[in-house]
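These are the residues of each chain, in order.
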Amino acid sequence: GKCPGPAGPKTLCSACGSRFRNGHTSFPTKDADGKLNCPMCDKRFDSMISLGGHRRFCDGGAWRCAWCDSTHEDSGGKSPGPLGPKTLCSPCGSRYRNGHSGPPCRDENGQYKCDDCGKGFDSISGLGG
């Protein structure tokens, strides 16, 4: 190795040295299939690059849209809203940019209703913006 680590100088490869400099103290765990596990959620990845890209945005499922209460996984993204950046899901963010001031209405079955035609959708993503 050529990078410093917890055991001294020149004890880590460049990839592990970079992780150590960024505050990581160990290698991510692997499952029985050899896939890398995200420590915050249940997702598994084939490579460190995939895991690293995921971890930049992973919140362990804690984030919720301020308007419709959907998760990041349900809605496919986070958008700015009246309360600041990353407070709305993508569909609600689109609605906000188009002048709406609140979440879409739901019917008695819990479906999201289109304001124009009244058609019902099971997910906020189905309704769109």
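Rules behind the numbers
- The residue count restarts for each chain, going from 1 along the sequence in the order it is written.
- This being a predicted model, a pLDDT of at least 70 is required before a residue's local features are given, and a value of 80 or more before pairs of side-chain atoms are given or counted; all residues contribute to the totals for chains, interfaces and linings.
- Side-chain figures throughout are based on the complete set of non-hydrogen atoms in the structure, without hydrogens or water.
- Only DSSP runs of H or I reaching four residues or more are called helices, and only runs of E reaching two or more are called strands; each is numbered from the N terminus.
- Only protein chains enter the accessibility calculation, which uses a 1.4 Å probe; a residue is then buried when its area is under 20% of its type maximum, exposed when over 50%, and partly exposed in between.
- We define the nonpolar core as a collection of buried residues of types Ala, Val, Leu, Ile, Met, Phe, Trp, Tyr and Cys that are connected through side-chain atoms lying within 4.5 Å of one another.
- The criterion used for residue contact is that any of the two residues' heavy atoms lie within 4.5 Å.

Caption draft 1: Examining unusual backbone geometry more closely. Positive phi, close to 55°, is recorded for Lys10, a residue that is not glycine. As for its placement among the helices and strands, Lys10 is situated in strand S2 (residues 8-12). Given the relative accessible area of 63%, Lys10 is considered exposed.

Caption draft 2: Looking closely at the nonpolar core. If you look at the biggest cluster of nonpolar residues, it comprises 11 residues: Trp63, Cys65, Trp67, Cys68, Leu88, Cys89, Cys92, Tyr112, Cys114, Ile124 and Leu127. Within the residue set of this core, elements represented by two or more residues are strand S6 (84-89) and helix H5 (124-127). Sequence-distant contacts of Cys92, defined by excluding residues within four places in its chain, comprise Cys65, Trp67, Cys68, Pro104 and Ile124. With five residues, the next largest nonpolar core counts Cys38, Phe45, Leu51 and Cys58 among its residues.

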